[in-house]
Each structure stands twice: as C-alpha cells, then as structure tokens.
Amino acid sequence: MKISVLGGAGMMGQGIVRDLLSERAIVPLSEVRICDSSRPRMEALRAALGDDRIHLVDLDVADPVGLDAALRGADLCINAVPTLAGHQMRIFEAALKARVAYVDLGGLGTFTVKQLEWRDRFRQAGVTAVLGVGSDPGMSNVICRAVADELEEIDSINLYWAAELVGPENPVLVPPYSLSTVLAEYARPSTQFLDGRHVECAPMTGREHLDLPEPWGRCEFMYSPHSEQLTVPLAQGIRDKGIKEFTWKLHLPHREHEAWVGLVKAGFGDFDEQVEVGGRPVKPLDVLQAVIARNIERNGDRIPAQDSHEIHLAIGRGRIGGAPATVRCEVVVRPDPLYAAYVDAATSMNASIAAQLILAHPKKPGVYAPEEYFSVASYFPELEKRNFAVRLQIRRQ
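Residues numbered from 1 in each chain as written. Predicted model: local features only at pLDDT ≥ 70, side-chain atom pairs only at ≥ 80, totals over all residues. Heavy atoms only, no water.

Asker: Honestly, the overall build of the chain in this entry has me stumped. Any pointers?
Answerer: Scanning the chain for helices and strands turns up 14 helices and 18 strands. In terms of overall size, the chain behaves like a compact globule, its C-alpha atoms giving a radius of gyration of 21 Å where 397 residues would be expected to give roughly 21 Å. Each of the three principal axes of the chain carries a C-alpha extent, and together these read 60 × 50 × 40 Å. Of all 397 residues assigned to the chain, the portion counted as buried reaches 54%. Residue pairs in contact within the chain that sit at least 24 positions apart in sequence constitute 75% of those at least 6 positions apart. Of the accessible surface of the chain, which amounts to about 17,000 Å², a share of 49% is contributed by carbon and sulfur atoms. If the 43 positive side-chain charges of the chain are averaged to one point and the 52 negative ones to another, these points end up 3 Å apart. (Helix = DSSP H or I, 4+ residues; strand = E, 2+ residues; numbered from the N terminus. Rg over C-alpha atoms; globule rule 2.2 N^0.38 Å. Buried < 20%, exposed > 50% of the residue type's maximum accessible area, 1.4 Å probe, protein only. Contact = heavy atoms within 4.5 Å. Areas by Shrake-Rupley, 256 points an atom, 1.4 Å probe, with all protein chains shown as cover. Lys, Arg positive; Asp, Glu negative; His and termini not counted. Charge placed at Lys NZ, Arg CZ, Asp CG, Glu CD.)

If you want it as structure tokens, here you go:
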C-alpha cells in the first residue's frame, strides 16, 4: 500500500511518517511519499529514518499539476499541511478527483462543516474521507464515542484537553503547535452545543475549574473553537440518545497561558489582518512568527529540558437502565522515550493510526468525523500499543 503525506516534512508530518514506518505499523506499506516544499527537511528526514520505502516529492500545494502528481497512485492521502495556511479545500477536492482516500488533522473546525457537505459527492465517487484525525480532534472524538456507547440516554458530554510542563520555567516562549492555531484558540469565538442547539460563544468564556491528578492539579478551562462540538452531538448513536449539551474546553500550561492572553490583548488575535509598518502592509502573524523564531534561535541554550504531560478527558452524564450515571473516559500521555523524536507524538501517532485503520478494513465511501467512522474496539488497542494510558470509568448513582 502507498500513502502520500502532504506536508510530510513539517512538524506533524514528520511524526506521522515515523509512526507509519515503525514496528507499530497496522498495515504493510510499500511506499510512503513525503510531499513537501522543503527539500532539505525531506532529505534530513529520509536520512534520519533510513527506510527505502520513503519517496520524496517536491510539492507546492498551490500547483494543481504537482498536487495531482503527488496523489496519483496512492491508496490514501494524509493532509498534514496546516489548516490555516488556506489549502484545505484544494487538497480535499484533489483527493476526490484522484479517487484517493483522504484524512486531515482538522484545525479548529474551520472547514469541517463545508467538507461534510461533500458527503454525497465522495459517496457517489466511492471515496472515503475522515476529517480531523489527530489527537484533538481525532482521538478525542473516539473517546466521546466510548462514553456515548456506555450510556443509554445522554444529557451531556463535556470534553477537555489539558497540557502541563514539568521542569524549570522556560524563559523563551515556544508555541506548543502552530502559532496561528494557538492565537485562534484564544481570540476567535467558538461554537458550542448548549440546550440542544449550536450557539456561538465569545472567546475565552465558559471558564470552569477541574481538579486533576498531578502534574495538572487545579486547572482552569475555557471554551475554544474546535470541530468536535460541531460533529459529535449530531452523530448517530449520540444525537438519538437525547444529548442536550456538548462542549470542548482548553487548558494550556499556566505561564504560557498568560503569554497567549497578553498577545491577544495586544491585538495579535487578528493575525491575518494587515497593518502598515513604514508604509508597507504586513501581517501581524508574519511579524510574530519571525520574532518568536529569532528568539528561539538566539536563546536556544537557555531553553530548559521540560517534560510535557497531557490529558484528554470526556465526561458523559445520562442514564443506564433508567438510573443516573456518569461515564468518564481519559487518555493520558506522559513523557516516554518512544516520543523523543516527535514534536507532538499524540497528534502524529493518531493520524497514523487513523490512516492505517482505514486501509486495514473495507472502506466506507463518504465524508465522516472520527466518531462516526472508527470503532472503539479497534482504536484503543492502537493507543495502548503507543504507551498512551486509556481508562474508562462508569459510576452509577
């Protein structure tokens, strides 16, 4: 089988390639195409992995001829190009044209609703697409499915993601993932599912405190734009159980959280809206990215070793056998030597898992969210294989 990884030399793409070619592989792969605009990064990744199944494809995703060539003959396309770069629909449509199965990493739900409108086109063409298959969204959707499957009636499912860093405080601000994504999570309104309908909520609202085990401790969460709340409460086996509330909330490490709030207060939340500097138009995002990159390069020797811990948690409330019940499903990702070469092991590994599970079973044509496509029984063992700790608890009242 052949997989094309678009953006395969980027931060997430490199990790996806590593997992696809690892001993954890689910399906036999004869070729993994690293498709990217950076030849040096592609060559460095090939040299680091030393795997003959790697093929390098120089790609400008804005070039339709090159994009078609990158997809031609592949069994599946993994779109790891950052969503807010603006190429999501172009790649999505190209996969349909090429009759190649498609997955992406989502990205705040920016294109999710529009992509889902293509269900019939993909189904009629016999092509499969699954949207948002990283950790959040992706794995988070599957843990919501696990919760929903245990409840006979559902009142609410509340989804949380928290990250914490353990070690000396970092004097240098290092974005945990795409800078535009972080800023959007703090600056843009989100859509939540409240009182049985989707409503728009202001940025950084929905504040809620949860007491979690160490190293997280007492965490403050807030609403944030994501795709899970756009799809999970409408999924078969969830909506028909009567769900009235579904929310997604974020917690980033305390000191970094303060920095992102400050940047949004300073106006960097409107990161794509140009301003004039010296008579020339510039995007705030371009300036901020350049400054942060320069600061990291200049002060790399001051960046301390820190261990990253993250928890993905879904809490469902409803009834089992007519009696009130609470179902809690969590996935904990702690430091592990297995993750040493990854920028974000959870996102990259989950994208690899999703792509391979699609290839491992008869495909279902159409466009799906992860909670609609994957079974908990096949997904969770792959998480455990990668040292993610999965726990499901049911409490009947």
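Asker: When you look at the packing of helix 8 (residues 179-187) against helix 10 (residues 254-268) in this model, what are you seeing that I'm missing?
Answerer: Helix-helix packing is characterised by the crossing angle of the two axes and by the distance between the axes. In contact at an axis separation of 10 Å, helix 8 and helix 10 are set at 80 degrees when each is read in the N-to-C sense. With respect to helix 10, the axis of helix 8 lies roughly perpendicular. Residue-level contacts link Leu179, Val182, Leu183, Tyr186 and Ala187 of helix 8 to His257, Trp260, Val261, Leu263, Val264 and Phe268 of helix 10. When its residues are assigned to classes, the contact of helix 8 with helix 10 shows 10 nonpolar, one polar and no charged. (Axes fitted to C-alpha atoms, helices over the stretch in contact; angles between N-to-C directions. Parallel < 35°, antiparallel > 145°, perpendicular 65-115°, else oblique. Nonpolar A, V, L, I, M, F, W, Y, C, P; charged D, E, K, R; others polar.)

Asker: What's the story with the nonpolar core in this structure? I'm lost.
Answerer: Where a protein is soluble and globular, its nonpolar side chains tend to be buried together. One finds Tyr186 and Phe374 to be the most contacted residues of the largest nonpolar core, which totals 90 residues. A total of 10 residues in this core trace back to one element, the largest contributor, which is helix 12 (residues 345-360). Residues Cys35, Ala74, Phe92 and Tyr102 belong to the second largest nonpolar core, which totals 26 residues. (Core = buried A, V, L, I, M, F, W, Y, C linked by side-chain atoms within 4.5 Å.)

Asker: Looking at this structure, I do not really get the packing of helix 3 (residues 64-71) against helix 4 (residues 88-98). What am I missing?
Answerer: As a packed pair, helix 3 and helix 4 sit with axes 10 Å apart at the nearest point and diverge in direction by 55 degrees. Comparing their axes, helix 4 and helix 3 come out oblique. Judged by the twist between their axes, the crossing of helix 3 over helix 4 is right-handed. Two secondary-structure elements touch here, helix 3 through Leu67, Asp68 and Leu71 and helix 4 through Arg90, Ile91, Ala94, Ala95, Lys97 and Ala98. Residue composition of the contact of helix 3 with helix 4, by class: six nonpolar, no polar and three charged. (Left-handed = near helix turned anticlockwise from the far one by under 90°.)

Asker: Help me understand the pattern of salt bridges in this model?
Answerer: Any two side chains of opposite charge can pair, given that their charged atoms come close. Within the structure shown, the criterion is met by 24 salt bridges. Salt-bridge contacts for arginine 24 lead to aspartate 19; the nearest nitrogen and oxygen are separated by 3.0 Å. The exposure class of arginine 24 is buried, given its relative accessible area of 6%. Among the salt bridges present, the one from arginine 255 reaches glutamate 169, with a minimum N-O distance of 3.2 Å. Of this pair, arginine 255 sits in helix 10 while glutamate 169 sits in the loop between strand 7 (153-166) and helix 8, and the two are 86 residues apart along the sequence. By relative accessible area, which is 49% here, arginine 255 ends up partly exposed. (Salt bridge = Lys/Arg side-chain N within 4 Å of Asp/Glu carboxyl O.)

Asker: So what exactly am I meant to see when it comes to the sheet that holds strand 17 (residues 366-368) here?
Answerer: Within the open sheet, the seven strands sit side by side as 3-2-1-4-5-6-17. Their pairing is parallel. Looking at the sheet topology across the chains shown, the edges are occupied by strand 3 (54-58) and strand 17. Neighbour to neighbour, the strand axes of the sheet diverge by 15 degrees on average, direction disregarded. Taken together, the five bridges between strand 2 (residues 31-36) and strand 3 define a ladder with parallel strand orientation. In the strand pairing of strand 3, valine 32 is matched with isoleucine 54. Each of strand 1 (2-6), strand 2 and strand 4 (76-79) touches helix 1 (residues 11-20); the most contacted strand, strand 1, lies at about 165 degrees to it. Sitting on the sheet, helix 12 touches strand 1, strand 4, strand 5 (101-104) and strand 6 (128-130), and the angle it makes with strand 4 is about 165 degrees. (Pairing = 2+ DSSP bridges.)

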